[in-house]
Amino acid sequence: QVQLVESGGGLVQAGGSLRLSCAVSGRIFSRYAMGWFRQAPGKERELVAGINWGGGIAYYADSVKGRFTISRDNAKNTVYLQMNSLKPEDTAVYYCAAPDRSFGMGDSSREYDYWGQGTQVTVSS
């Protein structure tokens, strides 16, 4: 059974930074792409960043390009989302996600099947 546990959310002022972490258990982590989604009140959940199984290819939504960085540490079964230059519009619940299929690219929201519980990120102006 795949389990994803996020941590690292919180309240930060505009222009600040946060790093989210997601610890994964229940599978061979290095064989699977990973992603970060977010959902703001009244909006659909969106894929903000994905990383392929090998870690060499990353996808970013246009809204976060140049500010967010996704990375993974296969030795620790953990994926990270470094968020810099945060804006009030980044306020949302952030979810770690994993696909059921191995060796994927991680760049499509349709790839993902498993979700963490979410962590709140609030950016004040």
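For the structure itself, consult the block above.
Procedures and definitions
- Residues numbered from 1 in each chain as written.
- Predicted model: local features only at pLDDT ≥ 70, side-chain atom pairs only at ≥ 80, totals over all residues.
- Heavy atoms only, no water.
- Pairing = 2+ DSSP bridges.
- Helix = DSSP H or I, 4+ residues; strand = E, 2+ residues; numbered from the N terminus.
- Axes fitted to C-alpha atoms, helices over the stretch in contact; angles between N-to-C directions.
- Phe/Tyr/Trp six-rings, centres within 6.5 Å; stacked < 30°, edge-to-face > 60°.
- Buried < 20%, exposed > 50% of the residue type's maximum accessible area, 1.4 Å probe, protein only.
- Disulfide = S-S within 2.5 Å.
- Contact = heavy atoms within 4.5 Å.
- Polar contact = N/O pair within 3.5 Å; in protein donor to acceptor, adjacent residues only side chain to side chain.

Caption draft 1: Broad picture of the sheet that holds strand E1 (residues 3–7). In space, the four strands of this open sheet follow the order E1-E3-E8-E7, with antiparallel pairing throughout. Bordering the open sheet on either side are E1 and strand E7 (68–73), each of which pairs with just one other strand. Here the strands of the sheet are splayed against their neighbours by 15° on average, with no regard to which way each runs. Pairing geometry for E1 and strand E3 (residues 18–25), over five bridges, is antiparallel. Its bridge partner being in E3, Leu4 is matched across the sheet by Val24.

Caption draft 2: Representation of the packing of aromatic side chains within the structure. Applying the stated criterion across every chain yields a total of three aromatic pairs. Relative to Trp115, the ring of Phe37 has its centre 4.6 Å away and its plane inclined at 70°; by these criteria the two rings are edge-to-face. Of the two residues, Phe37 sits in strand E4 (residues 34–39) while Trp115 sits in strand E10 (residues 112–115), which places them 78 residues apart along the sequence. Where Trp53 meets Phe103, the ring centres are 4.9 Å apart and the plane angle is 85°; that geometry is what we call edge-to-face. Taken together, the residues span a long stretch of sequence, with Trp53 in the loop between strand E5 (46–51) and strand E6 (58–60) and Phe103 in the loop between strand E9 (92–99) and E10 at a distance of 50 residues. Of the residues examined, Phe103 reaches a relative accessible area of 45% and is grouped as partly exposed. Three or more aromatic residues joined by ring pairs form one cluster here, namely Phe37, Tyr112 and Trp115.

Caption draft 3: Spotlight on the state of the cysteines. Under the defined criterion, the tally for this structure stands at one disulfide. Paired through a disulfide, Cys22 and Cys96 show a sulfur-sulfur distance of 2.1 Å. An S-S torsion of about -80° defines the bridge between Cys22 and Cys96 as left-handed. Of this pair, Cys22 sits in strand E3 while Cys96 sits in strand E9, placing them 74 residues apart in sequence. On the accessibility criterion, Cys22 (0% relative accessible area) is buried.

Caption draft 4: How the structure looks around the environment of Thr119. Counting through the fold element by element, Thr119 comes out in strand E11 (residues 119–124). By relative accessible area, which is 12% here, Thr119 ends up buried. Beyond its immediate chain neighbours, meaning those up to four positions away, Thr119 contacts Glu6, Gly8, Gly9, Leu20, Ala92, Val93 and Tyr94. Of the polar contacts made by the side chain of Thr119, one reaches the backbone nitrogen of Gly9; its length is 3.3 Å.

Caption draft 5: Just the environment of Ser125, in detail. By the secondary structure assignment, Ser125 is in the segment after E11. Remark: the alpha-carbon pair of Ser125 and Tyr60, spanning 65 residues in sequence, is separated by 24 Å. Contacts of Ser125, omitting those with residues within four sequence positions, involve Ala14 and Pro88.

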